[in-house]
Amino acid sequence: MFPEHYSFASYVNPEKSRGEITVLFSGEARPMELHNTGPGVHDYYLFHTVTAGNGDFMLDGKRYICGAGDTFMIFPGSLHQYVAAARHPWEYVWVAFQGHRCEPLLQQLGLTPERPVVRGSATRHALALYRRLRSSLRDAEHPALADLEAAGCLRLLLRELALAEPDRLPAPPTAGTAARRQVEQAMRWLELQYAQPISIEQLSKSLGYHRTHLSKMFKDAIGLSPMQFLMQIRLERAKSLLRSHWSVEQVASSVGFADALYFSKQFRKRFGMSPTEYRQRQ
């Protein structure tokens, strides 16, 4: 079927997943001299990592010489072509993928059409991830599990590609933006852990900040202390739960209040009515 290759193997994802980022197929090949692919356009992402030899890669009219260790990236809607060298033609592995999170994720990692070749990316870890990815598709007794494993390998592989050229990643934050990111990290922690018994000491310890420093960062950034922000999260979540059939005591416990009476007092203080009155109005 592929007489122009010395060897060719490709494995397709048996699961028709529509997740954030989904592997479509993956494979490996050793093309013959001057083997040409394209020109053409795909509606998915297709990344090749060269393991030996060299060749030429063209994307949207620009030519890139690629050799062992390089990864060349094809993007949806981009006109591409690639040709194996006349001497020492390349060998490569590849993975094709798509999903609604692909573009923003790749942009965040600096893997873009403006820089479609990553040098020095064929690390031992990256090649091991390619092998595991192919293995997950080849031995797909349970398609859903194969899809999960392949997607996990792909995410780790993209991380390896980004680390191969760290200058692709966003610049380190300035002092001001670093403080804001610390606050956002703390806010995210509270948004996920609000149902647990939390103190400012525990929060500071979990995030590695001094409590005074953390409180000042919060005040400067959002005008609230960490515990005021936590109370706000809990009470807003409680409003949502009060629209269900759960009792006031169950709602209070679900949002981190051990005492239902204290919960009712704080709810009235914030919204001007008791939890029961709020439920009746809904």
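## Thoughts on the overall build of the protein chain
Regarding its fold elements, the protein chain presents 10 helices and 10 strands. Since a compact globule built from 282 residues should have a radius of gyration of about 19 Å, the 26 Å found for the protein chain marks it as more spread out than a globular shape. In terms of overall dimensions, the protein chain has a C-alpha envelope of 80 × 45 × 30 Å along the principal axes. Classification of the 282 residues of the protein chain by burial places 42% in the buried group. Put simply, of all contacts in the protein chain between residues at least 6 apart along the chain, 71% involve residues at least 24 apart. For the protein chain, the exposed surface amounts to about 15500 Å²; the carbon and sulfur share of it is 52%. Each charge class in the protein chain was averaged separately, 34 positive and 27 negative side chains, and the resulting centres sit 9 Å apart.

## Observations concerning the sheet that holds strand β8 (residues 80-84)
In spatial order, the strands read β3-β8-β5-β6; together these four strands make up an open sheet with antiparallel pairing. Bordering the open sheet on either side are β3 (36-40) and β6 (62-67), each of which pairs with just one other strand. In this sheet, neighbouring strand axes are inclined to one another by 15° on average, regardless of whether the strands run parallel or antiparallel. Where strand β5 (residues 54-59) meets β6, six bridges bridge the pair, whose relative direction is antiparallel. Opposite L59, over in β6, you have K62 as the bridge partner.

## Overview of the pairing of β8
Counted residue by residue, β8 has four buried out of five residues, so it is predominantly covered. Looking at chain direction, β3 and β8 are connected through three bridges and run antiparallel. Paired with G40 across the two strands is H80, which belongs to β8. Of the strand pairs in this sheet, β5 and β8 are connected by five bridges, and their pairing is antiparallel. Bridging from a neighbouring strand, G55 pairs with A84 of β8.

## Some thoughts on unusual backbone geometry
In the segment running from G38 into P39, the intervening peptide bond is cis, with an omega of 0°. Topologically, P39 is positioned in strand β3. Look at L34: it is not a glycine, yet its phi comes out positive at around 60°. Topologically, L34 is positioned in the loop between β2 (22-31) and β3. At D60, a residue that is not glycine, the phi angle is positive and equals roughly 50°. Structurally, the position occupied by D60 is in the loop between β5 and β6.

## Side note on the pattern of salt bridges
Oppositely charged side chains can form a pair if their charged atoms are brought close together. Counting across every chain of the model gives 16 salt bridges. Here E160 makes a salt bridge to R159, at a shortest N to O gap of 3.9 Å. Take E160: its relative accessible area is 12%, and that puts it in the buried class. Several salt bridges share partner residues, and in doing so they unite R115, E165, D167 and R168 into one network.

## Considering the side chain of H80
Along the polypeptide, H80 turns up in strand β8. Side chain to side chain, H80 and H42 meet in a polar contact 3.4 Å long. Side-chain polar atoms of H80 contact the backbone oxygen of S78, separated by 3.2 Å. Those residues in contact with H80 that sit more than four places away from it in its chain are T37, G38, P39, G40, V41, H42, F57, M58, L59 and I74.

What counts as what
- Residues numbered from 1 in each chain as written.
- Predicted model: local features only at pLDDT ≥ 70, side-chain atom pairs only at ≥ 80, totals over all residues.
- Heavy atoms only, no water.
- Helix = DSSP H or I, 4+ residues; strand = E, 2+ residues; numbered from the N terminus.
- Rg over C-alpha atoms; globule rule 2.2 N^0.38 Å.
- Buried < 20%, exposed > 50% of the residue type's maximum accessible area, 1.4 Å probe, protein only.
- Contact = heavy atoms within 4.5 Å.
- Areas by Shrake-Rupley, 256 points an atom, 1.4 Å probe, with all protein chains shown as cover.
- Lys, Arg positive; Asp, Glu negative; His and termini not counted.
- Charge placed at Lys NZ, Arg CZ, Asp CG, Glu CD.
- Pairing = 2+ DSSP bridges.
- Axes fitted to C-alpha atoms, helices over the stretch in contact; angles between N-to-C directions.
- Salt bridge = Lys/Arg side-chain N within 4 Å of Asp/Glu carboxyl O.
- Polar contact = N/O pair within 3.5 Å; in protein donor to acceptor, adjacent residues only side chain to side chain.

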